[in-house]
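Architecture at a glance
Single-letter residue listing:
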Amino acid sequence: MGRSTRKAINLLVIAVIVALGVLGLLPLIWLLYSTAVNGLPPLLEKGLSFITDLPPTPMSTDIGGIAPALVGTLISSSIATLLAVVSAVISSLFTREYMYSRISGFIEAVVRSFNGIPTIIVSMYVYTTVVLWMGEPNVVAASIALLIAVLPTAHYYLSSALRSVEERYREAALSLGFRRIHVLRYVYLGVARRQVASGILMTFIRAVGETAPLLFTMGFLTNSVFQGLNRPGNAISLLIFIYALSPYTNYHTVAWGAALLLLILVLIPVLLIEVLVKEARK
Amino acid sequence: MSCVVEARDLVVRLGGRTVLSGVNLCIKHNSISVIMGPSGSGKSTLLRVINRLIELNPEAEVSGRVVIMGKDIYEWDPYELRRYVVLVQQEPTPFPNLSIFDNVALPAKLNGVARSREEVEKLVRWALEKVMLWDEVKDRLRKPPTVLSGGQRQRLCIARALVLRPEVLLLDEPTANIDPANTLKIEESLKELKEDMTIVLVTHMPHQAARVGDFIYVLYNGKIIEEGPVGEVFLHPRHEVTTKLLERVL
Ligand SMILES: Nc1ncnc2c1ncn2[C@@H]1O[C@H](COP(=O)(O)OP(=O)(O)OP(=O)(O)O)[C@@H](O)[C@H]1O
Ligand SMILES: [Mg+2]
């Protein structure tokens, strides 16, 4: 094969790859575009009060705001992320230290099976236990449902972070008299701190985006911003789902604005992760 | 009780291969014992048995006895054992997430060797001076160790072991990447340090063994084939392998 033929084939392959890449990006671009076009007007019209006002009543001319949903999402996602990360640190420490043992294979299998449970079932399960026991849907129940839903994500990212730490660093630390907790703190979480931080952000993103776990657990609080962890709350994803199904046009507008806000809320951690990953490569 | 480290009929198998077969040794207080042997003879493995690092390898089978400071190694809490029997690995592995200063300071802090800020700073400086690294890094103590050369990293790893003031210091080819001038100075430091601790030194350099060693053990295929005071062994090697090692043809 001549040099020029090889060059031509090379170019052709590159062109095909670029075309496929663009094709793959198109739906994403379209999604971002339509959310921006529909979501921007309510955000611009209301400004900051979109995130501080209560939602509108069905017939009102004002579109109100989504304060209860924003607060509920931030609180429940934070609680779920915190608990998921703590459990994932423990489970990943175990699977890292006993990489080849049966118990760590067992933990991996359990986490994988968690991943397979449809999140709507998680929501029903938490309803029949926590919600019925506490008497009404509430933020704690929603956080527990979210926790179950994002646990596999947290374990996946944290265990790959811990596994990326080379064995020789662990051996070096142990050779200097480090205790197991110090190996965790300074070696695993230290050497892989950027991967760990990305993992925490990824878990948070998952929690923020989930809807199904909240359906039976969160309630739908609209007449005040927050009433306590043991009281019904709201969430952006839930609000979008319910408002989009409603017959009222002002609700549709609010839903679009909420969708854009949700995207922004997720985009910030995504950008942070990009920065972290770039720095890690340096 | 004159051995700080004593091994009796030590046999180690790794993944079905016999790596050490029947090692006996007695390492004396405040001495420098040198372990020489061709590549793959089991020198690093021997050090890893002594500080129980070997048990991280699920495939390792160890039999025989190792007694440290009068106590069987399996009677020790492994973490405590490794705090008194400190190993400097063959490849330098400074923690990349910690600064040069913290690489040395952290082991001291975690093990309670130094508490106040001044104590820690003094100790870090002392250790870095002992390995002839202080002048080279004193202006960039807050930088990560990735800015250091291979030999500088190795000296950093020796320094962070020294701050623990261990009872037994296990050094696996500590000067393999270090230039001759600094090697000589580090050897001087080791001779000074043996007043406070017992040192086991793995080396491929016969000259180094002659300069710093009190006793020498020659490992070959997992067995100690020759041992004795360095002077005697060097003058009258009884085994052909020893002769070859000393002539640096093995
Ligand atoms: N994890 C392991 N699994 C199986 N075999 C191993 C393992 N580690 C080392 N070995 C084998 O054990 C033998 C001794 O290895 P060791 O590292 O102790 O040699 P060494 O004397 O330190 O050599 P060098 O001078 O090259 O550092 C070698 O034959 C090696 O292949
Ligand atoms: Mg070795």
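These notes cover the structure that comes with them. Residue indices follow the written sequence of each chain, beginning from 1 at its first position. To label them, take the chains in the order written and letter them from A, then take the ligands in the order written and number them from 1. Local features in a predicted model are, by the rule used here, given only for residues with pLDDT of at least 70; side-chain atom pairs are given and counted only at 80 or more, and totals for whole chains, interfaces and linings are based on all residues. Processing note: side-chain calculations cover all non-hydrogen atoms of the structure and skip hydrogens and water entirely.

Within chain B, the regular secondary structure consists of 10 helices and 10 strands. Just to be clear, the radius of gyration here is over C-alpha atoms, and the globule rule we use is 2.2 Å times residues to the power 0.38. Relative to its length of 250 residues, chain B is compact, with a C-alpha radius of gyration of 18 Å against a globular reference of 18 Å. Dimensions along the principal axes, computed over C-alpha positions, put chain B at roughly 50 × 40 × 35 Å. Partly exposed describes any residue whose relative accessible area lies between the buried limit of under 20% and the exposed limit of over 50%, with all areas from a 1.4 Å probe on protein chains only and scaled to the type maximum. Considering chain B as a whole, with its 250 residues, one finds that 52% of them fall into the buried category. Note on contacts: a residue pair qualifies if any of its non-hydrogen atoms lie within 4.5 Å across the two residues. Long-range contacts, defined here as pairs at least 24 residues apart, represent 67% of the contacts in chain B between residues at least 6 apart. Areas reported as accessible are Shrake-Rupley estimates using a 1.4 Å probe. Residue values count occlusion only from the protein chains shown. Element-wise, carbon and sulfur atoms account for 47% of the exposed surface of chain B, whose accessible area totals about 10900 Å². Distance between charge centres in chain B, computed from 33 positive and 33 negative side chains, equals 3 Å. Only runs of H or I of at least four residues qualify as helices and only runs of E of at least two qualify as strands under DSSP, and these elements are numbered from the N terminus. When charges are counted, Lys and Arg contribute as positive and Asp and Glu as negative, whereas His and the chain ends are disregarded. By convention, the point assigned to a charge is CZ for Arg, NZ for Lys, CD for Glu and CG for Asp.

This part takes up the pattern of salt bridges. The rule for a salt bridge is simple: a side-chain nitrogen of Lys or Arg has to be within 4 Å of a carboxyl oxygen of Asp or Glu. What the rule picks out here adds up to 27 salt bridges over all chains. Taken together, the salt bridges that share partners define one network made up of A:Arg96, A:Glu97, A:Glu167, A:Arg170 and A:Arg180.

Looking now at the coordination of the magnesium ion (ligand 2). Residue and element names in this part refer to chain B. Bound to the magnesium ion (ligand 2) are the protein donor atoms Ser44 (OG) and Gln90 (OE1), situated 1.9 to 2.3 Å from the metal. With serine 44 in helix H1 (residues 43–50) and glutamine 90 in the loop between strand S6 (85–88) and helix H3 (100–110), this residue pair connects regions lying 46 residues apart in the sequence. When its relative accessible area of 24% is taken as the criterion, serine 44 is described as partly exposed. You can call glutamine 90 partly exposed: its relative accessible area is 38%. Here the term donor refers to an N, O or S atom within 2.8 Å of the metal (or 3.2 Å for Na, K and Ca), and because water is left out of the atoms, sites may appear incomplete.

Here the focus is the sheet that holds strand S1 (residues 3–14) of chain B. Residues and elements named next belong to chain B. By definition, two strands form a pair when at least two bridges between them are found by DSSP. Read from one edge to the other, the open sheet built from four strands follows the order S2-S1-S4-S5, with strand pairing classed as antiparallel. In the strand order of this sheet, the two ends are held by strand S2 (17–28) and strand S5 (71–72), each with one partner. Here S1 runs beside strand S4 (residues 60–68); their pairing, made up of eight bridges, is antiparallel. Note that in S4 the partner of valine 12 across the bridge is valine 62.

Residues and elements named next belong to chain B. The sheet built from six strands is open, its strands ordered S6-S7-S8-S3-S9-S10 with mixed pairing. Lying at the two open borders of the sheet, with one neighbouring strand each, are S6 and strand S10 (223–229). Direction aside, the axes of adjacent strands within the sheet are offset by 15° on average. Bridge count between strand S9 (residues 215–220) and S10: six bridges; the pairing is antiparallel. Paired with phenylalanine 215 across the two strands is proline 229, which belongs to S10. Strand contacts of helix H6 (residues 150–162): S6 and strand S7 (168–172), with the helix running at about 175° to S6, the strand carrying the most contacts. Note on method: axes are straight lines fitted to C-alpha atoms, helices fitted across the in-contact stretch only, with angles between N-to-C directions ranging 0 to 180 degrees.

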